[in-house]
Amino acid sequence: VLEQHILNLSRYAGSFPWPEEWLEERKNDYAAGDMEALVHSDYGQYLTERVNRTVEGCLEKLREVKRLCELPDGPYMYGELTEAEIEQLERLTSCKDLEEQAAKIPAVTFARLPSKKDDSVDPAKRELAKAIRNSVKDTLSDLSESYFKTPLELAVEQGKACREPLRILLDLVLEFDRRLLAAKQERHLIDFSDMEHYALQILLKREKVEESDGTGTDRTETKYRIVPSDVAMEYRQYFQEILIDEYQDSNLVQEYLLSAISGEEEGRYNRFMVGDVKQSIYKFRLARPELFLEKYDTYQETGDLCRIDLAKNFRSRIQVVDAVNGRSEE
């Protein structure tokens, strides 16, 4: 089991541009010594935002149920209950931190829907309203189970207990990576991940920058500024266009490599990416579909950062589909 943990962590760290640094940073993941530190930690704030987005999505679904209830042939008998549940979720969206979410989300309740029969109500709309509402119940139940089943106070204590074993595990991974690299160099071998990281070392330089730690004191913290190397600048002049297929399967290392040789920093937007985030189901080579989604959400229909939606698929034309389905039935 320990060997598998070491191998998995080593492989996962390899999907980051600087694996050793990422592993060293993970030693601070259980640094929170009390509730306030947990709530204000990077992952505490990340979870707060993630939970908020999920609750807002559920709220929009319940509003859709309410719209169904207000249609002339809609399930009006669900309307009053739906409004009360909307109010519950609206109160959840005002939670300021993870501690408040932990107190309120498990307390959300859903009453039984009225069983009143009325022939004027469209059965399809009634079933649709029930299905949407059930999906909200399931989502909130999963949220509570995933993040709030363990009391946060206990999570803090568990974190303290895990701190030293985690540090030892990470040291084992770092030592494993050092020995593996030495063995590969002795045999003059490199693997795919090595090629990516060697290319990264050629194309990018990291310069240390001392910044204030934000406490109002004279203390500073070391950060890094990433700049292209001379080699990267030469490639930027060499490549007129960079065409990337299956972009949803890119990881952070590949993103840094492609950015290094593109002209985007100089105002030449010559990187063209094609992909479908729905196809990123296997996370090939530890892909980061969020890289695709970030561009999908921020690029506009016009301008330098332009998004073109390929929403029509000639392979799905009725003539093709009917012919394929007919052949399948034969």
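Criteria and cut-off values
Residues numbered from 1 in each chain as written. Predicted model: local features only at pLDDT ≥ 70, side-chain atom pairs only at ≥ 80, totals over all residues. Heavy atoms only, no water. Patch = residues over 30% accessible without salt bridge, like charges linked within 9 Å, V, L, I, M, F, W, Y side chains within 5 Å. Areas by Shrake-Rupley, 256 points an atom, 1.4 Å probe, with all protein chains shown as cover. Salt bridge = Lys/Arg side-chain N within 4 Å of Asp/Glu carboxyl O. Lys, Arg positive; Asp, Glu negative; His and termini not counted. Charge placed at Lys NZ, Arg CZ, Asp CG, Glu CD. Helix = DSSP H or I, 4+ residues; strand = E, 2+ residues; numbered from the N terminus. Buried < 20%, exposed > 50% of the residue type's maximum accessible area, 1.4 Å probe, protein only. Contact = heavy atoms within 4.5 Å. Axes fitted to C-alpha atoms, helices over the stretch in contact; angles between N-to-C directions. Parallel < 35°, antiparallel > 145°, perpendicular 65-115°, else oblique. Left-handed = near helix turned anticlockwise from the far one by under 90°. Nonpolar A, V, L, I, M, F, W, Y, C, P; charged D, E, K, R; others polar. Expected span 1.5 Å × (residues − 1). Polar contact = N/O pair within 3.5 Å; in protein donor to acceptor, adjacent residues only side chain to side chain. Core = buried A, V, L, I, M, F, W, Y, C linked by side-chain atoms within 4.5 Å.

Visitor: So what's going on with a negative patch on the surface? Residues and values would help.
Guide: Residues Glu70, Glu80, Glu83 and Glu87 make up a contiguous surface patch of negative charge. When you line up the elements, glutamate 87 lands in helix α5 (residues 79-92). Judged by relative accessible area, which is 44%, glutamate 87 ranks as partly exposed.

Visitor: Please set out the pattern of salt bridges residue by residue, giving values where relevant.
Guide: Summed over the entire model, instances satisfying the criterion amount to 30 salt bridges. The partner of lysine 149 in a salt bridge is glutamate 145, with the nearest N and O atoms 3.2 Å apart. For lysine 149, a relative accessible area of 60% puts it in the exposed group.

Visitor: Can you explain the environment of glutamine 300? Please cite residues and give values.
Guide: Within the secondary structure, glutamine 300 is located in the loop between α12 (289-298) and α13 (318-329). As a C-alpha pair, glutamine 300 and glutamate 196 span 104 residues in sequence and 31 Å in three-dimensional space. Not counting the four nearest positions on each side in its chain, glutamine 300 is found in contact with Leu305, Cys306 and Arg307.

Visitor: Just give me the short version of the environment of cysteine 58, but keep the residues and values in it.
Guide: Tracing the sequence through the fold places cysteine 58 in helix α4 (residues 42-69). When residues no more than four places from it in sequence are discounted, the contact partners of cysteine 58 are Leu89, Val136, Thr139 and Leu140.

Visitor: Break down the packing of helix α1 (residues 2-13) against helix α8 (residues 152-186) for me, citing the residues and quoting the values.
Guide: One way to put it is that α1 packs onto α8 with a least axis distance of 9 Å and a crossing angle of 70 degrees. The angle between α1 and α8 falls in the class roughly perpendicular. Judged by the sense of rotation from one axis to the other, the crossing of α1 with α8 is right-handed. Contacts between α1 and α8 involve Leu2, His5, Ile6, Leu7, Leu9 and Ser10 from the first element and Leu169, Leu170, Leu172, Val173, Phe176 and Asp177 from the second. Residue composition of the contact of α1 with α8, by class: nine nonpolar, two polar and one charged.

Visitor: I'd like a description of helix α7 (residues 123-147), backed by residues and values.
Guide: Taking 1.5 Å per residue, 25 residues should reach 36 Å; α7 reaches 36 Å between its end C-alpha atoms and fits that length. Within α7 the residues assigned to the buried category are Arg126, Ala129, Ile132, Arg133, Val136, Leu140, Leu143 and Ser144. Between the side-chain oxygen of the N-cap and the backbone nitrogen of alanine 124 there are 2.9 Å, and the N-cap of α7 in question is aspartate 122.

Visitor: Explain the nonpolar core to me, and be specific about the residues and the numbers.
Guide: Within the largest apolar cluster, 22 residues are counted, with the highest numbers of intra-cluster contacts made by Val55, Leu89, Leu92, Ile105 and Leu140. Elements supplying a minimum of two residues to this core: α3 (35-40), α4, α5, α7 and α8. Per-element tally for this core: the top contributor is α4, with five residues. If we ignore the near neighbours within four places in the chain, the residues touching leucine 92 are Asn52, Val55, Lys104, Ile105 and Val108. The next biggest cluster of nonpolar side chains, apart from the first, holds 14 residues, and it includes Ile242, Val253, Leu257 and Ala260.

By themselves these figures say nothing about function.
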